[in-house]
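# Report on the structure
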Amino acid sequence: MEPRNALPDALSASANQTLSFLQRRFREVGIRPKTQHGQNFLIDLNLLRLLFDSAEVTGNDVVLEVGAGTGALTAMLAERAAAVVSVEIDSEVAALAEENLASLDRVTLLVADALRNKNHLNPVVMDAVGEKLAAAPGRRLKLVANLPYHVGTPIISNLLVGEPLPHSMTVTIQKEVADRLRATPGTKDYGATSVWVQSQCAVEIVRNLPPSAFWPRPKVTSSIVRIVFQPERRARLGDTVFFHGFVRSMFLHRRKFLRSVMVAAYKQELDKSAVDAILETMGLGPETRAEQLEIEQFVWLAELVRERLGAAG
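Just so you know, these numbers come straight off a predicted model, no measurement behind them. (Residues numbered from 1 in each chain as written. Predicted model: local features only at pLDDT ≥ 70, side-chain atom pairs only at ≥ 80, totals over all residues. Heavy atoms only, no water.)

Within the protein chain, the regular secondary structure consists of 14 helices and 11 strands. Over its C-alpha atoms the protein chain spans a radius of gyration of 21 Å, differing by no more than 12% from the 20 Å that the globule rule assigns to 313 residues. Seen along its three principal axes, the alpha-carbon backbone of the protein chain occupies a region of about 65 × 45 × 30 Å. Expressed as a percentage of its 313 residues, the buried residues of the protein chain come to 52%. Intrachain contacts of the protein chain at a sequence separation of at least 6 include 69% that bridge at least 24 residues. Of the roughly 14300 Å² that the protein chain leaves accessible, carbon and sulfur atoms contribute 49%. Each charge class in the protein chain was averaged separately, 36 positive and 35 negative side chains, and the resulting centres sit 4 Å apart. (Helix = DSSP H or I, 4+ residues; strand = E, 2+ residues; numbered from the N terminus. Rg over C-alpha atoms; globule rule 2.2 N^0.38 Å. Buried < 20%, exposed > 50% of the residue type's maximum accessible area, 1.4 Å probe, protein only. Contact = heavy atoms within 4.5 Å. Areas by Shrake-Rupley, 256 points an atom, 1.4 Å probe, with all protein chains shown as cover. Lys, Arg positive; Asp, Glu negative; His and termini not counted. Charge placed at Lys NZ, Arg CZ, Asp CG, Glu CD.)

Another point: the environment of Ala145. Inspection of the secondary structure assignment puts Ala145 in strand S7 (residues 140-146). On the basis of relative accessibility, which here comes to 0%, the residue Ala145 falls in the buried class. Here the alpha-carbon distance between Ala145 and Ile278, two residues 133 residues apart in the chain, equals 41 Å. In contact with Ala145, not counting residues within four places along its chain, are Leu51, Glu65, Val66, Leu73, Thr170, Val171 and Thr172.

Below is the structure:
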């Protein structure tokens, strides 16, 4: 095995991620990229390397990659990581990845959907990740992936729900989603995803990527985003499952005032006077909307509601 600071096999594999190679290889095996799987392969090798470098993978890391494609990024990750669990939903494309990854014993390639459903990760995938994390002390989970557009938000959001929590997530996603992740109160992009992720993580947009960086070309701009988990932020949330559900419910009806949304969300548990008391405690007026609240205000509001629900129960 080559030393971890060298990437000979990985560079060879990434050379197979050019437009001409992919088009030729797909023709040879008689397949095409599938839009239903969000298959847009990152063919700019400099940007592929930027994605890899931004993840800062080390020998203590277990990497989860969602969307293995033909295995170019997977091979690069395997040269640095303790282990890589790579997931590819398309069996035909996974067969191409297996050709590139056959000599890399640190890779576990799963032909599966990374999601069980919109709100849950596939337990088969997470069991494989857990096994690799448990194989040695001090290992950390990192998500590094050219994420298919349609699973970007649920993959990122669901990884923050329960154990194991990611040390970081470095991914390519649709720029619209990246803007949502970093959005500030009062802006059109600020919503449940913004609050949920920022309540636990620092979010940085590393680079915006043009459609020409991918094959097939998407109709939108993409971004490389680095999301770093902050344990001290998560510790403030109390009951994280409650907080997650609370935040989503507060943004179900963006045009409505926060008071009306809260009354509707907890009509079986809290009457209007209880809701008014909570808002008064925080100094929030009757015309306040959810998208105006700072992250700290959301944390406070969720805890007040949870305490009141506990007292009512």
